[in-house]
Amino acid sequence: MIPAVALVLGVVLGLALEPTVPAALQPYLPIAVVAALDAVFGAIRAQLDGIFDDRVFVVSFVSNVLVAALVVFLGDQLGVGGQLSTGVVVVLGIRIFSNAAAIRRRVFHA
Amino acid sequence: MTVDPGAETGVSPEPVPTGGRARWRSLLTPRLRRVDVAVAVLLAALGFAAVVQVRSTQVEGPLATARQEDLVQILDDLTNRDERLQAEIGSLEQARREITSGSGRSEAALAEARRRTQLLGVLAGTVPARGPGLMLTISDPRGEIGQDALPDVLLNALEELRAAGAEAVQLEGPVAPGEQPAPGQARVRVVASTSFLRDDRGGVLVDGQLLKAPFRFLVVGEPTTLATSLVIPGGVVDDVEARGGETTVERSGDVLVGALRPLEEPRYARPAA
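K.L.:
Is there a simple way to think about the overall build of chain B in this case?
P.N.:
From N to C terminus, chain B includes seven helices and eight strands. Residues classed as buried in chain B amount to 32% of the 273 residues present. Restricting the contact set of chain B to residue pairs at least 6 apart, pairs at least 24 apart contribute 73%. Carbon and sulfur atoms make up 57% of the accessible area of chain B, which totals about 17400 Å².

So this is what it looks like as structure tokens:
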């Protein structure tokens, strides 16, 4: 319950404040959001499986975001930032899909 | 919905949650530990960041968040496209110039062809002609010329007129003196192929049409030259009067040769050029 409320609160804050993304963060923010989404889907799946752990979630969330940003940063330094961020998005997208499939099986038994 | 009383009172020990419903309930039960706060903060940050990203993409357009090499790539593409389109503009303008000048040429050719049609139409008798000229009347009031000699007289007169530069000629008859134009059926446009035949009905058959005295030539040409050619000694006027007929020559600044003849397609002859 609290996490859902916090999520909505964040959305409302973002809508209300209308901040602009700093130029330095612009390449990393979309990747970070996708990585965080991956962590959230993993958490939901673990919750349904009954193996959810708060600490694991926090650590995986933070590390996901940091690793994704780091990979993109490295890619930018190496001159392959565009390709690497595409790769990160693809990998995270696959994980999100498989997590969503597991969640679907648990919820709908199908 | 049953609310677990243990969470609020802390009296009865909470039963260990088992099964799906219990797990969902544990989601809804408020528990505040440090790690819960961390989870909440992280999710709030996620929502915030997602909304910010979506808004910045919508407001500033996709180019604002594109990275440098992508922008360079896009710029290159645009430059190439610009060059291609410029080349296309050049070739299309070239084509337009060619078409425009070509149509100018064909219009000039068309105008020239129309002009030639008009000029040749005057010669062939397919268009009316008007201009300075004269009217020559040949009458035979006493019938002394006779129908045998009439074609000769008319042919002489015509040849004299042609020699004097007649450009368009029309022969009428019978005409009342001073009448212009003659009644519709009694006039013939005289062209190169015109023939004069004797006719037993007391007239002359001109191109298949019966004309009777008094005859009148309507001639477009230089009036003085034409008139002079008619009155020379032994000329047309002398000839007609010697045969017992009468002539009048009337110069005019504006003679209308209005009789037409149909354009006949040659059956065998084709333009060779």
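K.L.:
What exactly am I supposed to notice about the overall build of chain A here?
P.N.:
When helices and strands are tallied, chain A shows four helices and zero strands. The secondary structure elements of chain A, listed N-terminal to C-terminal, are α-α-α-α. Counting all 110 residues of chain A, 35% fall into the buried class. Within chain A, residue pairs in contact and separated by at least 24 positions form 71% of the contacts whose partners lie at least 6 positions apart. Total accessible area on chain A stands at roughly 6400 Å², and carbon and sulfur atoms take up 75% of it.

K.L.:
What am I meant to see in the packing of aromatic side chains here?
P.N.:
For any pair of aromatic rings, geometry is given as the distance between the ring centres together with the angle between the planes. All names here are of chain A. One pass over the full model with this rule turns up three aromatic pairs over all chains. Seen from their ring centres, tyrosine 28 and phenylalanine 73 are 6.5 Å apart, and the 50 degrees between their planes marks the pair as tilted. Residue tyrosine 28 is found in the loop between helix H1 (2-17) and helix H2 (29-49), and its partner phenylalanine 73 is found in helix H3 (residues 54-78); the two are separated by 45 residues along the sequence. When its relative accessible area of 15% is taken as the criterion, tyrosine 28 is described as buried.

K.L.:
Can you help me understand the packing of H3(A) against helix H4 (residues 81-108) of chain A in this one?
P.N.:
Helix packing for two helices is described by the angle between their axes and how far apart those axes are. Residues and elements named next belong to chain A. Viewed as axis vectors pointing N to C, H3 and H4 meet at an angle of 155 degrees, and their least axial separation amounts to 7 Å. Taken as axis vectors, H3 and H4 run roughly antiparallel relative to one another. Judged by the sense of rotation from one axis to the other, the crossing of H3 with H4 is right-handed. Contacts from Ala68, Val71, Val72, Gly75 and Asp76 of H3 reach H4 at Gly81, Leu84, Ser85 and Val88.

K.L.:
How do you make sense of the pattern of salt bridges when you look at a structure like this?
P.N.:
Applying the stated criterion across every chain, the model contains 13 salt bridges over all chains. A salt bridge links B:Arg201 to B:Asp199; the shortest N-O distance between them is 2.9 Å. Take B:Arg201: its relative accessible area is 55%, and that puts it in the exposed class. Taken together, the shared-partner salt bridges connect A:Arg45, A:Asp49 and A:Arg106 into one network.

K.L.:
Explain unusual backbone geometry here, please?
P.N.:
Of note in this structure, B:Asp207 is not a glycine but carries a positive phi near 50 degrees. By the secondary structure assignment, B:Asp207 is in the loop between strand S5 (203-206) and strand S6 (209-211).

K.L.:
Could you clarify how one ought to interpret the side chain of B:Thr247 in this entry?
P.N.:
Residue and element names in this part refer to chain B. Relative to the helices and strands, threonine 247 is located in strand S8 (residues 246-257). We classify threonine 247 as buried; its relative accessible area is 15%. In this view, threonine 247 contacts Leu136, Thr137, Ile138, Val237, Val240 and Glu241; residues no more than four positions away in its chain are not counted.

K.L.:
Just to check I follow, could you spell out the nonpolar core for this structure?
P.N.:
As a rule of thumb, nonpolar side chains are buried together in soluble globular proteins. If you look at the biggest cluster of nonpolar residues, it comprises 31 residues, and the most contacted ones within it are B:Ile138, B:Leu154, B:Leu171, B:Phe217 and B:Val219. When contributions to this core are tallied by element, the ones reaching two or more residues are strand S1 (129-139), helix H5 (150-163), strand S2 (168-172), strand S3 (187-190), S5, strand S7 (215-220), helix H6 (223-231) and helix H7 (236-242) of chain B. Not counting residues up to four positions away in its chain, the partners in contact with B:Ile138 are B:Val153, B:Leu154, B:Ala157, B:Pro214, B:Phe215, B:Phe217, B:Val240, B:Glu246 and B:Thr247. A:Val21, A:Val33, A:Ala36 and A:Ala39 belong to the second-largest nonpolar core, a separate cluster that totals 17 residues.

K.L.:
I would appreciate a short explanation of the sheet that holds S7(B) in the present structure.
P.N.:
Within a beta sheet, neighbouring strands are joined by backbone hydrogen bonds and run either parallel or antiparallel to one another. All names here are of chain B. What the five strands build is an open sheet, ordered S3-S2-S7-S1-S8; its pairing is antiparallel. Both outer strands of the open sheet, S3 and S8, are each paired with one neighbouring strand and no more. This sheet shows a mean twist of 20 degrees between the axes of neighbouring strands, independent of strand direction. Pairing between S2 and S7: five bridges, direction antiparallel. Note on S7: the bridge partner recorded for glutamine 170 is leucine 218.

K.L.:
What should I look at first to understand the environment of B:Gly131 in this one?
P.N.:
All names here are of chain B. Within the secondary structure layout, glycine 131 lies in strand S1. Separated by 89 residues in the primary sequence, glycine 131 and valine 220 place their C-alpha atoms 5.7 Å from one another. Apart from the residues within four sequence positions on either side, glycine 131 is in contact with Val220, Gly253, Asp254 and Val255.

So, how was this worked out
Residues numbered from 1 in each chain as written. Chains lettered and ligands numbered in written order. Predicted model: local features only at pLDDT ≥ 70, side-chain atom pairs only at ≥ 80, totals over all residues. Heavy atoms only, no water. Helix = DSSP H or I, 4+ residues; strand = E, 2+ residues; numbered from the N terminus. Buried < 20%, exposed > 50% of the residue type's maximum accessible area, 1.4 Å probe, protein only. Contact = heavy atoms within 4.5 Å. Areas by Shrake-Rupley, 256 points an atom, 1.4 Å probe, with all protein chains shown as cover. Phe/Tyr/Trp six-rings, centres within 6.5 Å; stacked < 30°, edge-to-face > 60°. Axes fitted to C-alpha atoms, helices over the stretch in contact; angles between N-to-C directions. Parallel < 35°, antiparallel > 145°, perpendicular 65-115°, else oblique. Left-handed = near helix turned anticlockwise from the far one by under 90°. Salt bridge = Lys/Arg side-chain N within 4 Å of Asp/Glu carboxyl O. Core = buried A, V, L, I, M, F, W, Y, C linked by side-chain atoms within 4.5 Å. Pairing = 2+ DSSP bridges.

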